[in-house]
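What follows is each chain in one-letter form.
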There are 2 protein chains.
Amino acid sequence: VKTKTVQVGLGKIGREMAKLVASRQNFELVGLMDLDENMVGRKASEVLGTDPGLDLRVTDNEEDILSIEPDLVFHSTKSSIPKVAPQLKKFIEAGADVISTTEELSYPFLRHEEASKNLNQMAEENGVTLFGTGVNPGFAMDLLPLTFSGIAQQLEKVSVKRIQNASQRRRSLQEKIGVGLTKSEFNEEVKEKGGHVGLIESLALVGTGLGWKLEEVETETEPVIAEENTSTDFFDAAPGEVIGMRQIARGFLAGKEKVELDLKMYAGATEPVDRISLSGVPEVTLKVPGGIHGDIATPAIAVNSAAKVIQSEPGLMTVLDLNPYPYSFENPSD
Amino acid sequence: VKTKTVQVGLGKIGREMAKLVASRQNFELVGLMDLDENMVGRKASEVLGTDPGLDLRVTDNEEDILSIEPDLVFHSTKSSIPKVAPQLKKFIEAGADVISTTEELSYPFLRHEEASKNLNQMAEENGVTLFGTGVNPGFAMDLLPLTFSGIAQQLEKVSVKRIQNASQRRRSLQEKIGVGLTKSEFNEEVKEKGGHVGLIESLALVGTGLGWKLEEVETETEPVIAEENTSTDFFDAAPGEVIGMRQIARGFLAGKEKVELDLKMYAGATEPVDRISLSGVPEVTLKVPGGIHGDIATPAIAVNSAAKVIQSEPGLMTVLDLNPYPYSFENPSD
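Once a new chain begins, its residue numbering starts again from 1 and follows that chain's sequence as written. Whichever chain is written first becomes A and whichever ligand is written first becomes 1, with later ones labelled in order. Whole-chain, interface and lining totals are the exception, using all residues; otherwise, since this is a predicted model, local features are given only for residues with pLDDT of at least 70 and side-chain atom pairs are given and counted only at 80 or more. The side-chain figures draw on all heavy atoms in the structure; neither hydrogens nor water molecules are used.

(A) Representation of the overall build of chain A within the structure. When helices and strands are counted, chain A shows eleven helices and 15 strands. Between the two quantities, the radius of gyration covers C-alpha atoms and the globule rule is 2.2 Å times the number of residues to the power 0.38. For 334 residues, the compact-globule formula gives about 20 Å, and the C-alpha radius of gyration of chain A, at 20 Å, lands near that figure. In terms of overall dimensions, chain A has C-alpha extents of about 50 × 45 × 40 Å along its principal axes. Contact between two residues is taken to exist if any of their heavy atoms lie within 4.5 Å; hydrogens are not considered. If you take every contact in chain A between residues at least 6 apart in sequence, the share linking residues at least 24 apart comes to 73%. Charge convention: Lys and Arg are scored as positive, Asp and Glu as negative, and His as well as the terminal groups of each chain are ignored. Just so you know, the charge point we use is NZ for Lys, CZ for Arg, CG for Asp and CD for Glu. Looking at chain A, you have 34 positive and 51 negative side-chain charges, and the mean spots of the two groups are 3 Å apart. What counts as a helix is a DSSP run of H or I of at least four residues, what counts as a strand is a run of E of at least two, and both are numbered from the N terminus.

Structural data, given as structure tokens:
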């Protein structure tokens, strides 16, 4: 039986998710929603650049989506829970499981305890699962380090370093991290707004997953400055201008630094990598040379977790609650 | 509240587990069991080389262990389910959760479907969890590749290569993989017995976790031959003699090779590593240079999963069912 699936949010990540859903036999893509007036009314084949085999058009109206009675909603719109909660509640009340890449949903209890309780209760009452996922937060700087930490007899410190070459990333991400801005513009437009959303959620996921009550959480955000002219498909930066950002989050336990998450995303990064180091017994490092490409991985993780989300107990789930196996990779016989 | 814990099996891995348990404030080590007559009656401090702070002595009698009414049994004796099941049943009936490194328990349904059903039913009836875990099987060649595969949009193939330097491993492992044997002795004593137990369990875990119904499983076992004189703390091999083994398991889907697990364990390996490569979209590799040291990691994984095993629903669980977070790392305040 195919899962009747809709995609809400048709930015770069949302379109990738919809294409992936359309490509797998275990899903039936039955709806597309976005508020962008340049999208509304357009055919799926145009918007996705691939033909899902249905005469689907983009709607901006949740009622259209709800009338389809989807089993599953993939949701990829905003980073903040207060901004997405009213819409998520509509899907939950309609009885659909929801997989969302909203960054704050990766560990919703941190900044929005009350809203999390409400969403959890509503999901339970309606017998559906709301699952927050993605690559960062949700995988590279939390789930993967956590999984790796399982091999430690003594864990003095977990250090995670993620360097992404922003030149290869979507326009909206380049904008978010300040590519092409001056330093003072960066301080106003990026630093003030908190930069990348999700790093303290990752820290909370790691701490909670290790069984540690982290205290004295620190974060720093600073610009990465161009040393030479740097151009992406979307922005140009002269020497002295901003090519991206570095954000660090640290968690302490009894005064000792126990978790350090160091995220650098900038245009022209020559050695992108994900690196996880465990100090203690053993001393050991895991590397993904080239790094895990966020714009590929986020849609993948979301779609791959569908089978388990559908089977799961109802409620609001994070990667700590919901182990994603079996993934939704298809069998040739499906 | 401390978890009343016993260790059953005091080989190298079992002793490491008991030491780790004794070192953590969240456990109370209250019993030690082994059948080895050289162990029985000896003090914990002698056997473990560390003082758990209790006047504990090794027993060979399950009744002694059961009379302690432990909350949790760490179990590390034999590789095969038929050999361990009668003993496990006694602990289960006594109401203890059990974490076992018995290799076949990592995916018990594969070779012992009926016994698995019985163990599961018994665990459910007694309200306890039986969890099979370890580094290999249980982590390096199954759970870690599975976690990493979550980032794949298209997964053509998962290739896992694990090279361990057996010189650094325990005597019983060196013996198991044939260090110091001639080729013909290897064929009789290692190959005939199937070599390392767990590789096809790992293959089944990966296949099941990806949502694939793997068919046509193939395995190969061959000796690794010394090119020069090679000595470990326990064995010597002349050129032409055996220094270890290579074992490969392959799983196919619709005639295509989709999973390859390649395990080399031999004395004097100069580049130990764990490497996981995903083919498809993206093409990406994860490496642990130096490799995950099995004799350190297995006790760690077992002990770290205790908190979750204790909280878990009753039944027979594998790493596909039981996500191990939060781990049992302690807080300074515990």
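Here the narrative resumes.
(B) Representation of the interface of chain A and chain B within the structure. With 54 residues of chain A in contact, the opposing surface of chain B contributes 54 residues. The term buried area refers to how much accessible surface (probe radius 1.4 Å) is lost by two components on association, counted for both of them together. Between chain A and chain B, a total of about 4,100 Å² is buried, with carbon and sulfur atoms accounting for 60% of that surface. Salt bridges are defined by distance alone: a side-chain nitrogen of Lys or Arg within 4 Å of a carboxyl oxygen of Asp or Glu. Along the contact surface separating chain A from chain B lie zero salt bridges. Counting of polar contacts relies on pairs of N or O atoms within 3.5 Å, with two restrictions inside protein: one atom must be capable of donating a hydrogen and the other of accepting it, and residues adjacent in sequence are counted only when both atoms are side-chain atoms. Linking chain A to chain B there are 27 residue pairs in polar contact (both at pLDDT 80 or more). The set of elements that each furnish at least two residues to the side of chain A that touches chain B consists of helix H1 (12-23), helix H6 (143-149), helix H9 (199-210), strand E14 (284-289) and helix H10 (294-304) of chain A. Throughout this entry, Asp, Glu, Lys and Arg are counted as charged residues, while Ala, Val, Leu, Ile, Met, Phe, Trp, Tyr, Cys and Pro are counted as nonpolar. The remaining residues, Gly among them, count as polar. The residue makeup of the side of chain A that touches chain B, split by class, is 33 nonpolar, twelve polar and nine charged.

(C) Representation of the packing of aromatic side chains in the model. Paired rings are identified among Phe, Tyr and Trp, the last through its six-membered ring, by centres lying within 6.5 Å, and are further divided according to the angle between planes into stacked (under 30 degrees), edge-to-face (over 60) and tilted (the rest). With the rule as written, the count across this model stands at ten aromatic pairs over all chains. Ring geometry for Tyr325(A) versus Tyr327(A): centroids 5.3 Å apart, planes at 85°, classification edge-to-face. Connected via pairs of aromatic rings, a cluster forms that spans Trp212(A), Tyr325(B), Tyr327(B) and Phe329(B).

(D) Summary view of the relation of the copies chain A and chain B. Rotating chain A by 180° about the axis while translating it 0.0 Å along that axis superimposes it on chain B, leaving an RMSD of 0.0 Å. The transformation just described matches what one would write down for a two-fold rotation axis. When the interface residues of chain A are mapped onto chain B, 100% of them are again interface residues, pointing to one common binding face. Here the copies are matched by least squares. The fit uses the C-alpha atoms of residues with pLDDT of at least 70 in both.

(E) Examining the sheet that holds strand E2 (residues 27-33) of chain A more closely. All names here are of chain A. At least two bridges found by DSSP between two strands are what make those strands a pair. Here we have seven strands laid out as an open sheet, ordered E3-E2-E1-E4-E5-E6-E15, and parallel in their pairing. Both edges of this open sheet fall to strand E3 (58-59) and strand E15 (315-317), since each of them pairs with a single strand only. With three bridges joining them, strand E5 (residues 97-100) and strand E6 (residues 129-132) adopt parallel strand pairing. For Val 98, the partnering residue across the bridge sits in E6 and is Leu 130. Strands in contact with H1 are strand E1 (3-8), E2 and strand E4 (72-75); relative to E2, the strand with the most contacts, it is inclined by about 150°. Here an angle of 0 to 180 degrees is reported between the N-to-C directions of two axes, which are lines fitted to C-alpha atoms, with helices fitted over the stretch in contact.

(F) Looking closely at the packing of helix H4 (residues 81-93) of chain B against helix H5 (residues 113-125) of chain B. All names here are of chain B. For the pair H4 and H5, the least separation of the axes is 10 Å and the interaxial angle reads 10°. The orientation of H4 with respect to H5, classified from their angle, is roughly parallel. Residues Ile 81, Lys 89, Ile 92 and Glu 93 of H4 pack against Ala 115, Leu 119, Met 122 and Ala 123 of H5. Tallied by class, the residues present in the contact of H4 with H5 amount to six nonpolar, no polar and two charged. An angle below 35 degrees is read as roughly parallel, one above 145 as roughly antiparallel, one from 65 to 115 as roughly perpendicular, and any other as oblique.

(G) Molecular detail of a negative patch on the surface. Residues and elements named next belong to chain B. Patches were defined on residues exceeding 30% relative accessible area and lacking a salt bridge, with like-charge contacts within 9 Å and nonpolar side-chain contacts (Val, Leu, Ile, Met, Phe, Trp, Tyr) within 5 Å. Working definition of accessibility: Shrake-Rupley area with a 1.4 Å probe, residue cover restricted to the visible protein chains. A surface patch of negative charge is lined by Glu 175, Glu 185, Glu 188, Glu 189 and Glu 192. Ranked by the residues each element gives to the negative patch, the list is headed by helix H8 (residues 183-191), at three residues. Residue placement: Glu 189 occurs in helix H8.

(H) How the structure looks around the pairing of E5(A). All names here are of chain A. Exposure categories follow from relative accessible area, calculated using a 1.4 Å probe and restricted to protein chains: below 20% of the type maximum is buried, above 50% is exposed, and the middle band is partly exposed. Because side chains alternate across E5, one face comprises the buried residues Asp 97 and Ile 99, and the other comprises Val 98 and Ser 100, equally buried. In terms of strand pairing, E4 meets E5 through four bridges, oriented parallel. Bridge assignment links Val 73 to a residue of E5, and that residue is Val 98. Handedness of the E4-helix H4 (residues 81-93)-E5 crossover: right-handed. Here is how to tell: hold the view so the strands point away, follow the path from the first strand over the helix to the second, and if it runs clockwise the crossover is right-handed. Handedness of the crossover joining E5 and E6 through helix H5 (residues 113-125) is recorded here as right-handed.

(I) Fine view of the sheet that holds strand E4 (residues 72-75) of chain B. Residues and elements named next belong to chain B. Here we have seven strands laid out as an open sheet, ordered E3-E2-E1-E4-E5-E6-E15, and parallel in their pairing. The sheet is open, and its two edges are formed by strand E3 (58-59) and strand E15 (315-317), each paired on a single side. Two strands pair when backbone bridges link them, and strand E1 (residues 3-8) and strand E2 (residues 27-33) are joined in this way by six bridges, in the parallel orientation. When the bridges of E2 are listed, Val 8 appears paired with Met 33. Where H5 meets the sheet, it contacts strand E6 (129-132) and E15, and its direction lies at approximately 125° from that of E15.

(J) Representation of the nonpolar core. What makes a nonpolar core is a set of buried Ala, Val, Leu, Ile, Met, Phe, Trp, Tyr and Cys residues whose side-chain atoms join them at distances within 4.5 Å. If you look at the biggest cluster of nonpolar residues, it comprises 168 residues, and the most contacted ones within it are Phe74(A), Ile292(A), Phe74(B) and Ile292(B). Among residues more than four places away in sequence, those in contact with Ile292(A) are Val135(A), Phe139(A), Ala140(A), Leu144(A), Arg162(A), Gln164(A), Asp274(A), Ala297(A), Phe148(B) and Ile151(B).

(K) Molecular detail of the confidence of the model for chain A. With 99% of its residues at a pLDDT of 70 or more, chain A shows a mean pLDDT of 94. The ipTM assigned to the predicted complex is 0.96, against a pTM of 0.96. Values of pLDDT, which run from 0 to 100, indicate the predictor's confidence residue by residue.

(L) Geometry of the environment of Ala85(A). Topologically, Ala85(A) is positioned in helix H4. Linking Ala85(A) and Lys258(A), residues 173 residues apart in sequence, is a C-alpha distance of 33 Å.

(M) How the structure looks around the side chain of Thr102(B). Residue and element names in this part refer to chain B. Locating Thr 102 in the fold gives a position in the loop between strand E5 (97-100) and H5. For Thr 102, a relative accessible area of 2% corresponds to the buried category. Residues in contact with Thr 102, not counting those within four places in the same chain, are His 75, Lys 78, Ser 79, Ser 80, Ile 81 and Val 84.

(N) Here's a closer look at the pattern of salt bridges. Summed over the entire model, instances satisfying the criterion amount to 35 salt bridges over all chains. The salt bridge involving Arg111(B) is made with Glu104(B); its shortest N-O contact spans 3.8 Å. Residue classification places Arg111(B) among the partly exposed residues on the basis of a relative accessible area of 38%. With a relative accessible area of 8%, Glu104(B) lands in the buried category. The salt bridge partner of Asp262(B) is Lys161(B), with a shortest N-O separation of 3.2 Å. Here Asp262(B) is found in strand E12 (residues 256-266), whereas its partner Lys161(B) is found in strand E7 (residues 154-165), with 101 residues between them in sequence. Through salt bridges with shared partners, a single network forms among Lys157(A), Glu218(A), Glu220(A), Arg250(A), Glu257(A) and Glu260(A).

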